[in-house]
Structure formats: C-alpha cells, structure tokens
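# Inside the fold
One letter stands for each residue in the lines below.
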Amino acid sequence: MSQKLKVYAPFDQTLIKEIPMVGNEEADKALQIAHDLFLSRDKWIPAYKRKTILEKVATLMQDRLKELTETAAQEGGKPYKDSKVEVLRAINGVKIASEEISQLKGEQVPMGLTEASVDRLAFTIREPIGVVLSISAFNHPLNLIVHQTITAFAAGCPVIIKPAGTTPLSCLAFMDILKEAGLPAGWVQSIICDNEVAEFMVKDKRVNYLSFIGSAKVGWYLKSKVAPGTRVALEHGGVAPVIVEKDADLDKALPLLAKGGFYHAGQVCVSVQRIFVHEEIADKVSNRLADLAAELVVGDPLDPDTEVGPLISTDEVDRVHEWVKDSEGKGGKILVGGQKISDTCYAPTVMFDPPQGAKLSQEEVFGPVVCIYPYTDLQEAIRLSNDMEYHFQAAVFTKNLDKALECVDKLNATAVMVNDHTAFRVDWMPFGGRDASGEGLGGIPYSMHEMTRIKMMVFKR
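Here is a short report on the structure shown in this document. (Residues numbered from 1 in each chain as written. Predicted model: local features only at pLDDT ≥ 70, side-chain atom pairs only at ≥ 80, totals over all residues. Heavy atoms only, no water.)

## Quick notes on the side chain of Thr 349
By the secondary structure assignment, Thr 349 is in strand S13 (residues 349-352). One polar contact links the side chain of Thr 349 to the main-chain carbonyl oxygen of Ala 347, over a distance of 2.7 Å. Not counting residues up to four positions away in its chain, the partners in contact with Thr 349 are Phe 262, Val 324, Ile 334, Val 336, Gly 337, Gly 338, Pro 368, Val 369 and Val 370. (Helix = DSSP H or I, 4+ residues; strand = E, 2+ residues; numbered from the N terminus. Polar contact = N/O pair within 3.5 Å; in protein donor to acceptor, adjacent residues only side chain to side chain. Contact = heavy atoms within 4.5 Å.)

## Digging into the sheet that holds strand S20 (residues 452-460)
Sheets are built from strands that pair by backbone hydrogen bonding, the pairs being arranged parallel or antiparallel. Taken in spatial order, the 3 strands make up an open sheet running S3-S4-S20, and their pairing is antiparallel. On the outer flanks of this sheet lie strand S3 (108-109) and S20, each paired with one strand and no other. With 9 bridges connecting them, strand S4 (residues 120-128) and S20 associate as antiparallel partners. Looking at S20, one finds that Glu 127 is bridged to Arg 453. (Pairing = 2+ DSSP bridges.)

## Regarding a negative patch on the surface
Where like charges cluster on the molecular surface, the negative patch consists of Asp 12, Asp 300, Asp 303 and Asp 305. With respect to the secondary-structure elements, Asp 303 resides in the loop between helix H10 (282-295) and helix H11 (314-329). (Patch = residues over 30% accessible without salt bridge, like charges linked within 9 Å, V, L, I, M, F, W, Y side chains within 5 Å. Areas by Shrake-Rupley, 256 points an atom, 1.4 Å probe, with all protein chains shown as cover. Salt bridge = Lys/Arg side-chain N within 4 Å of Asp/Glu carboxyl O. Lys, Arg positive; Asp, Glu negative; His and termini not counted. Charge placed at Lys NZ, Arg CZ, Asp CG, Glu CD.)

## Describing the nonpolar core
In terms of nonpolar packing, the biggest core is built from 63 residues, with Ile 243, Val 244, Ile 275 and Leu 289 touching the most fellow members. With 46 residues, the next largest nonpolar core counts Ile 129, Ala 154, Met 175 and Ala 181 among its residues. (Core = buried A, V, L, I, M, F, W, Y, C linked by side-chain atoms within 4.5 Å. Buried < 20%, exposed > 50% of the residue type's maximum accessible area, 1.4 Å probe, protein only.)

## Some points on helix H4 (residues 80-100)
Here H4 contains 21 residues, and its C-alpha end-to-end distance of 30 Å stays within 8% of the 30 Å for a straight helix at 1.5 Å per residue. Listed as buried for H4 are Asp 82, Ser 83, Glu 86, Val 87, Ala 90, Ile 91, Gly 93, Val 94, Ile 96, Ala 97, Ser 98 and Glu 100. Those residues of H4 that are buried are in contact with helix H2 (47-63), helix H3 (65-76), helix H5 (143-154), helix H9 (250-262) and helix H15 (444-450). (Expected span 1.5 Å × (residues − 1).)

Structure follows, in structure tokens:
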C-alpha cells in the first residue's frame, strides 16, 4: 500500500486531500520516460507546435482563473486577491515562454581572422540541454510551477516537477490543463514524493539540469549530489535590505514597504525585512509603518478582505515568535505585533533596532516581521546591508540621484530597486540570488536560455 501525502489548509488545518506518493521505482520510470524522449530526436516537438500548445494552455488557465485562484489560496494560505494576481502572472508567464521560443537562436561566428580560419563559415545554434528536474517551493504554488516546467518545455526539454509537499494541488491542476491542451505524454511529468525520492532523482546521471527553489541548506546540499555535468539553478532566500534616506517621499515609500514586508505574511524570498532609516526620520518611519501594520486584516485567505494570511505551518508560527522574542530580549523594541493571533497566524510585526547579532538581523525570517535600524552615515547603512552571506534584491528610497546610483553601485545584490520595495518582480526580468542566496538566473527568458546549450557548425570550402 503506497504512502499518502496529506494536504492541509494552513489557515484552519483542515484536511483538503490525500494524494498517493511514489517511490524510487516510479521515479526511475519517470526519469527513463524523459530520457528516452530526449534521446529520440524524431519525437522532439517542433517550435511551432510548442507555441500552439502553450497558447492553448494560457487560454485554459484563463478559463479556470477562479478555480486556480481558490486552489492556490486554500492550500498555500496566500490571500485570495494576491493568489489571483499570482494566477494571472502564471498565465502571462506561459505567454512569455511561448513568445521567447523565437529568441532561442545562435549567431554567426566570424572566421578568416587568422590564416588558419580562412575559407570557413561558422554559426552557433541552441539545442535543449536535456532532462530537467525541478523541485519547487510552497509560497507561489502555481507561478513557480510555471517557471520550472513551461520554461523547460518551451526550450524543448522534457521536465519532471516535484511540487512542495504542502502545496501540490495547484501543480496537479496545472498538469490536467497541460494534458487537455494536447501536451504529448511524458514531456511534463509531476512526481509526488518524499525528500529521499527527490534526492534519488537529483543524483541520477540522466538529469541534465536541476532547478531548485527552497532553502539554502537544502539547495547547496543537493548541488553536492548531482552527477558530473548536470547544470544547476538554485533560488534561495535573502534578508532583503532597504535604505531610506531623509529626503525620501514617505507618503509613497511607506505603503510600498508595508506591502513588501507583509505580502504573503512575509513568506517571499525577497520580502522587505531590514530597513535602514536615516536617524532624522527613523522615529517617524517606525511609527507610521507600525500604524500601517496594525491596520492590516489578518485571517482566512479565502475571505476577500484578508490582507495577510496564515504561515504555511504552525511550526513556522512558533519559530517566528521565538525569533521575535529573542530579539526583544536582546534589546529590540516591538512597536506593533509580536504575538500569535492563532496557532496559524502571526501578527504583522515592526521591531525597532534589534541587535545586529540577532537572528532577525542575520537570517531570513520568512514571516511577517520587519526591522528598522537608524543610521547616521549612508556608508554605514550600505556596509550593514552587505554584512551577511545572503545577497538577493535590495532597495533604496531617495530623491538624490547620486545617492541612488551610489547604492546601486555598492549594494551587494542581484537587483537594486530605487524608490520601490525589494519584492518587486516581473516574470521577464532576470531574478536570482548570489553568494549563499543562490546560483543561476530565473526569469522566464533567462531560465529558457539556461536550459539550452550551444552547438557550433563550421563549413569549410
């Protein structure tokens, strides 16, 4: 009798569904199906057919917008209105991938530049890299699946996707849509399994590309297990720093900071977490942000009025509370929040000046907690922003162009937002962490190019 995965609603812990889980034997079969498809070039799907299928997928997703939104909100806990935005992004992502197929192209390589290279004509072409294995995260249960499967299919690669164990239902609903859209069997396979089976697949030499979204600890561990030659993309978290200069437009900045910090209860890899504020406006920013946090409606993600939903598990609520109380005990001041609303929901929390050695100052909280630190000198704010191993997206609020450009230049980040929060993203831009925060680039066009490899052809007269 196969083991079953129980999927619970994070808000009220009700059982939504039980799903059979597979073992190594079924995972091996999936790998072989994908591997055989890649080796059999006569089975490769031409670009125009891939585009036609993806256009149909986008249409079907639009037709099921409400159903997909409800599924994502119920299993993931993200408020309904934010889950709807996620589904719309996922639909647009499918369209972007379809359009990007035409950009998977090579270029002419000049010859005749040396005597040895005369009478030659050379070009590069792009080919699919091979079998893609994608391991996904819970916090965007549909959009991440699109980013990790549709990119591979659009690039011509067979892909196996393992959704997060807490949020597999959006993935399974998407698999049904792919089948209805006419996707040939085997090109996108979903695997519901435990971590041991996932690691079994990661180690397999038939995997040409590993896409992982999740914790740094797990990601770097899995990278150490891949077969020689397997290309790896890892997307981990960050401890997103924001610098607020004294000339910042606070009427515009503060709502953005509140959204960036408390969106999806802070369970986003680029959530606003550490805000360095010039000392002349630190009290004003702190009090106004605390007021905004206090006004947020926390509760059932299926309620259209909810702005902040539950954390993904009760253990996460306990951990976040422990981190907050630890920082308070070390000198940080809780301005608002700092308590559990229930076993599953945590109050949006603003903390003033916790010590730099506290976990809230050094580790990704992945919860609805924002910390404010006063500073005197911009260089000190930049130094503190960079003084950790995680580097993903960062931000600065200022009207001074020179200071904005200085922050862009000096902040150790893959992206620096000027007068916007750290969680800004569109799906056609490059997205990913550096250093401990990850390796490789996400963003649909960038993932598609990483899932291909270059082949040369040289003609000699």
